[in-house]
Structures are given as C-alpha cells and as structure tokens.
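# Coordinate analysis (summary)
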Amino acid sequence: MHASASQAECLSLVIEIGGMPVRVNTADPEFLAMLGERYAGFVSASANPEIEFDVELVPPNFADPDADVSVRQQGGHWSLERGDFYAEWEPARRRGSIRQTANPYSIDAVLRIVHTLVLARQGGFLLHAASAIRNRKAFLFAGVSGAGKTTISRLAPEGATLLTDEISYVRRADDSYTAFGTPFTGELAKVGENVSAPVETLYLLAKGDENRIDPVAPVEATRALLENVLFFAEDEALAQAAFQSACEFAKRIPVRRLTFVPNARVWELIG
Amino acid sequence: MSMLYVARNPRVAARGLDGEMMIMSGRDSTLFTLNKTATILWQNADGTTPLSEIVERRICSEFEVEPAEALQDAETLARELASHEILQISEHPIPRPASAGESH
C-alpha cells in the first residue's frame, strides 16, 4: 500500500520560485531526495509557505504525460489534471493535494500551472522565453520552440546570469516588472539562477542573416506576448485578467524584434 | 427597414492600443484586432443607440461616406463581429450588465 503524506511520517520541502514558497509534503524519503535534487537552488527555509501540497504517490500506470491538461475552477476549488497527475488546490485554505507517480515531471507541471494561476491575478505571468540578467537588468527572449531561446542562452557572455532557457517568470509590482530565475529548463537542461532583476526589454526572437533590433508596434507586441504566455485555465475571468496583464506589460516595457545569427556578437546589442 | 441595435459582448476582453482595439474572445481566447471603423462601432455599441445613429454621427462624419452605403457596410461588419461573439445584435435595445471588461 502506498502511503500519503497525511498517513505516515510527514517529510517536507519548501520550493521557492519567483519569491513564492510552496511546501511539498510527502511520506517518501526517496521522492523527497529527488525533489531536493531537482529543485536545488530553489529550496527555501521559509516557515510560511503560501501554498502547501500533500503528495500521494501511486504506482506507475503508464499514464501519458503528453495528454492534454485540464485546469478548472469551481467554487474556489481548482482541479488540475493530466494523464500523469491529478491535483486539487484551494487558494483560500492555501492547501492542496497531488496524486502522481514518483517522478519529478508531474509535480513540475503542477507547480508551473499553480504559478500561472497565482500570477494571473497579480498582473504577472510565465512566458515561453529565455531570460538573463546583464548589468543588473533582466532581458527576456521570447519565441516558440526553434525560435532561438536555447541558442541565445548558450551564447550569453561571461557576466550575464541565466535565469532560464525556457520559461521566464515575470512578476508585477506597481509600474515595474521583475524577472526571476526558474528551475524550468529547456534543451540546455541548465537550471536558472535563483536571482531576480527589473525587466528592461522583451525581445521577440527571429533567426536571420544579421544581428538587428527592430521596433514592434503595440498591437503586434501584445499579440506576440499573448502567444507566448503560459495559460492553462478554462476560466473566462482569469483569461481576461491574463489579457489585460499582457496589454499592461506591452504598454510599460519596450518590446523589440531581435533578429540574430547564431554567434556571440548578438549580445553586443543587448544590455 | 427595421432598426438594428448593437452591444459589446461583456464576455470579451478589450483594450485600446495605440489607436487600435484588440479584442480577446471569451469563448476560446481568440484574438482580434479591429480596424478604425470597427473600433468606432465597438466603442459606440452601447445596446441602446441604433446602429443607424452610430453610423450617421460617428462614422459618416469621420470618413465622409454616403449614409446609406455606410449603414450597409456597418451592418455587414456588425454581423461579422456578432458571428465571432464580439458584438451582440438585435432589432430591439439590448439591456447590458454594468461591466464590459474594457480598459484603455
């Protein structure tokens, strides 16, 4: 019989991404060690988590992690479901539960989804973008798969701090935006640094035969931003909030198109 | 000819950006960008002003077009926007909820 965190001795770990501590409780020490390794650099000593999840580990069931995700809310109670996990979360109680097999990918997906839900209400978002800090300013590089997120990350010069090569974390505070490092990796498979900086520019990546920066009209900037925002919830109010957040961001932060050839000189244009 | 009324669908999110209006469908999150005429129509679609009056006061004065031709074009446009559930159209005034989800 597989034990849930509430049935046996409770082991826990706090994973803090984007300044939001999330405590994960489990009864399985091996799973805890796996999480500790997966989120190294993002493990926090915070005693006041904003959310707490009890993880129940179940036997492997050949569930499909590529299945469509379903994220629904009813009466303040969220349910998150994919082939490889089922999770529930009640924001008012700051508590939730996750049922999954002992792998790091399912809980990674749950964390991404929960962060998108929290950020959407605060004017922030997770973005399909690489990001890095240079000269104490954060630069985002957005694009779909193949647009060059991994390449631009790999070409980052010494002195640039990589926040992520895949999923950028953007939080709003008044009229400014801050980018945080994330453990969410892409092809580079390199966990970002757990640091943050004010967002200076969002670049829309395009591969070309020269290094060039071009202006982007506000409507195009907003459309491109929305195309790259991670959003899973089947919830009209939250979708409208995400839309307004993207419009606000595009209004306040310069959005440019960065055409580049794959060599390090492109970074001479940045920062 | 019957009177036509148009109202913004409260289930969409809208935002004016640099003179253009961007709309996101509440049904499936599809994005639409309205041209200048469609933006005027959207902004004045209060559910109580007849479409003919919007055309006469807001569109004809802006674009110097014949009222009959402008009204026909506006009706076509309104029906197209309604097909995407961006606008509601009716032969009677349309009661509206307080919020339309619009921001500038």
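In what follows, the structure referred to is the one given above.
Small disclaimer: the values here were computed from a predicted structure and weren't measured.

For the rest of this paragraph, the subject is the overall build of chain A. When its secondary structure is counted, chain A shows five helices and 16 strands. Taking 18 Å as the expected radius of gyration for a compact globule of 271 residues, we find that chain A reaches 19 Å, a close match to that expectation. Over its C-alpha atoms, taken along the principal directions, chain A stretches across nearly 60 × 40 × 35 Å. Here chain A holds 271 residues, and 42% of them are scored as buried. Sequence-distant contacts in chain A: of pairs separated by 6 or more residues, those separated by 24 or more amount to 64%.

Our focus in this paragraph is the interface of chain B and chain A. Contacts between the two partners involve 14 residues from chain B, matched on the other side by twelve residues from chain A. Elements with a contribution of two residues or more to the side of chain B that touches chain A: β2 (13-17), β3 (20-24) and β4 (31-34) of chain B. For the side of chain B that touches chain A, the per-class residue count stands at five nonpolar, five polar and four charged.

The next point concerns the environment of Pro-50 of chain B. Residues and elements named next belong to chain B. As for its position among the elements, Pro-50 is in strand β5 (residues 46-50). The sequence separation of Pro-50 and Pro-67 amounts to 17 residues, and the corresponding C-alpha distance is 14 Å. Look past the residues within four positions of Pro-50 in its chain and what remains in contact with it is Met-3, Leu-4 and Tyr-5.

Residues and elements named next belong to chain A. Relative to each other, helix α4 (residues 218-228) and helix α5 (residues 236-252) sit at 130°, their axes nearing to 9 Å. On the basis of the axis angle, α4 is oblique to α5. In this structure, α4 crosses over α5, and the sense of that crossing is right-handed. For the pair α4 and α5, the contacting residues are Pro-218, Ala-221, Thr-222, Leu-225 and Leu-226 in the first and Phe-243, Ala-246, Cys-247, Phe-249 and Ala-250 in the second. When its residues are assigned to classes, the contact of α4 with α5 shows nine nonpolar, one polar and no charged.

Glancing now at α5 of chain A. With 17 residues, α5 of chain A extends 25 Å from end C-alpha to end C-alpha; this agrees with the ideal 24 Å at 1.5 Å per step. What α5 of chain A keeps buried is the set Gln-240, Ala-241, Ala-242, Phe-243, Ser-245, Ala-246, Cys-247, Phe-249 and Ala-250 of chain A.

So, on to the packing of helix α1 (residues 36-44) of chain B against helix α2 (residues 51-63) of chain B. All names here are of chain B. At a minimum axis distance of 11 Å, the contact between α1 and α2 shows a crossing angle of 150°. Between α1 and α2, the crossing angle belongs to the class labelled roughly antiparallel. The element α1 and its partner α2 pack so that their crossing is right-handed. Residues Thr-37, Ile-40, Leu-41 and Asn-44 of α1 form the contact with α2, whose participating residues are Ile-54, Arg-58, Ile-59 and Glu-62. Split by residue class, the contact of α1 with α2 holds four nonpolar, two polar and two charged.

With that out of the way, let us pick up unusual backbone geometry. Residues and elements named next belong to chain A. Non-glycine residue Asn-135 carries a positive phi angle of around 50°. Within the fold, Asn-135 resides in the loop between β9 (125-134) and β10 (137-142). You can call Asn-135 exposed: it has 11 C-beta atoms within 10 Å.

Glancing now at the sheet that holds strand β2 (residues 20-26) of chain A. Residue and element names in this part refer to chain A. Pairing is mixed in the open sheet, where eight strands are placed in the order β3-β1-β2-β4-β8-β7-β6-β5. The open sheet has two edge strands, β3 (43-44) and β5 (70-74), and neither has a second partner. Across six bridges, the pairing between strand β4 (residues 51-57) and strand β8 (residues 95-100) is parallel. If you follow Glu-52 over to β8, its bridge partner there is Arg-95. Running over the sheet, helix α1 (residues 29-38) touches β1 (11-17), β2, β3 and β4 and is turned about 20° from β1. Sitting on the sheet, helix α2 (residues 104-120) touches β1, β2, β4, β5, β6 (77-82), β7 (85-90) and β8, and the angle it makes with β7 is about 30°.

Let us look at the nonpolar core. Val-110, Leu-140, Phe-141, Ala-179 and Ala-246 of chain A together with Leu-41 and Ala-74 of chain B are the most contacted members of the largest nonpolar core, which has 104 residues in total. In terms of residue count, α2 of chain A provides more of this core than any other element does, nine residues in total. When we break this core down by domain, the ones giving at least three residues each are domain 1 (11-120) and domain 2 (125-269) of chain A. Excluding residues that lie within four positions of it along the chain, Leu-140 of chain A makes contacts with Leu-127, Ala-129, Ser-131, Ser-168, Ala-179, Val-199, Leu-202 and Tyr-203 of chain A.

A few words on the sheet that holds strand β6 (residues 87-90) of chain B. Paired through backbone hydrogen bonds, the strands of a sheet run either parallel or antiparallel to each other. Residues and elements named next belong to chain B. The three strands lie next to each other as β5-β1-β6, forming an open sheet whose pairing is antiparallel. Looking along the sheet, the strands with just one partner apiece sit at the ends: β5 and β6. The mean angle between the axes of side-by-side strands here comes to 25°, regardless of whether they run parallel or antiparallel. Bridge analysis of strand β1 (residues 5-8) against β5 gives two bridges, and the strand direction is antiparallel. Note on β5: the bridge partner recorded for Ala-7 is Asp-46. Sitting on the sheet, α2 is in contact with β1 and β5, with an inclination near 75° to β5. Strands in contact with helix α3 (residues 67-83) are β1 and β6; relative to β6, the strand with the most contacts, it is inclined by about 120°.

Reading the values: the criteria
- Residues numbered from 1 in each chain as written.
- Chains lettered and ligands numbered in written order.
- Predicted model: local features only at pLDDT ≥ 70, side-chain atom pairs only at ≥ 80, totals over all residues.
- Helix = DSSP H or I, 4+ residues; strand = E, 2+ residues; numbered from the N terminus.
- Rg over C-alpha atoms; globule rule 2.2 N^0.38 Å.
- Buried ≥ 20, exposed ≤ 12 C-beta atoms within 10 Å, placed from the backbone.
- Contact = placed C-beta atoms within 7 Å.
- Nonpolar A, V, L, I, M, F, W, Y, C, P; charged D, E, K, R; others polar.
- Axes fitted to C-alpha atoms, helices over the stretch in contact; angles between N-to-C directions.
- Parallel < 35°, antiparallel > 145°, perpendicular 65-115°, else oblique.
- Left-handed = near helix turned anticlockwise from the far one by under 90°.
- Expected span 1.5 Å × (residues − 1).
- Pairing = 2+ DSSP bridges.
- Core = buried A, V, L, I, M, F, W, Y, C linked by C-beta atoms within 7 Å.
- Domains from an automatic or database assignment.

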